[in-house]
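Analysis of the macromolecular model
Residue-level listing of the chains:
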Amino acid sequence: MDTAATAQRLDAPEVSPSPFRTAFDRARSEALQGPGGPLAVDPRSAPAQQLFEYRLEKRRGKRSADEADWNALGRKGWELVGLTHKHAAFKRPLPPDLSR
């Protein structure tokens, strides 16, 4: 049996294709073309990756006291990114002059 004929028969829609099927078929054909296709973004024009500094704060145990401290850190640009029973993790972007 001819492989191309089998593939065509399997791809032939019995009803109009759904938007998902259309997007999937497009992605499959682009993947089969390989990496030789045009890039969506020129890597040389992509912005530099943002760098962050991180900070761990030991929790005091009382939520109200922790929240007051965390709000003060938030006003200084720190973002709460993680929390455990004993610690809170924060990050903030480095200024552009320190990022490089």
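So, a few notes on the structure that sits alongside this text. (Residues numbered from 1 in each chain as written. Predicted model: local features only at pLDDT ≥ 70, side-chain atom pairs only at ≥ 80, totals over all residues. Heavy atoms only, no water.)

Description of the environment of His87
Where we set the bar: Strands here mean DSSP runs of E at least two residues long; helices mean DSSP runs of H or I at least four residues long; both are numbered from the N terminus. A contact between two residues is defined here by any heavy atoms of the two lying within 4.5 Å.
Tracing the backbone through its elements, the reader meets His87 in strand β3 (residues 87-93). Residues His87 and Leu56 lie 31 residues apart in sequence; the distance between their C-alpha atoms is 6.5 Å. Not counting the four nearest positions on each side in its chain, His87 is found in contact with Glu57, Lys58, Arg59 and Gly82.

Some thoughts on the pattern of salt bridges
What counts here: Salt bridges are counted wherever a side-chain nitrogen of Lys or Arg sits within 4 Å of a carboxyl oxygen of Asp or Glu. To sort residues, take the accessible area from a 1.4 Å probe on protein chains only and compare it with the maximum for the residue type: under 20% means buried, over 50% means exposed, and anything in between is partly exposed.
Counted by the stated rule, this structure contains five salt bridges. For the salt bridge of Asp66 with Arg59, the shortest nitrogen-to-oxygen distance reads 3.0 Å. Under the relative-accessibility criterion, Asp66 is labelled buried at 2%. Residue classification places Arg59 among the partly exposed positions, given a relative accessible area of 23%. Between Glu67 and Arg63 there is a salt bridge, with its nearest N and O atoms 2.9 Å apart. Of this pair, Glu67 and Arg63 are both found in helix α3 (residues 63-75), four residues apart, which corresponds to roughly one turn of the helix. The exposure class of Arg63 is exposed, given its relative accessible area of 60%.

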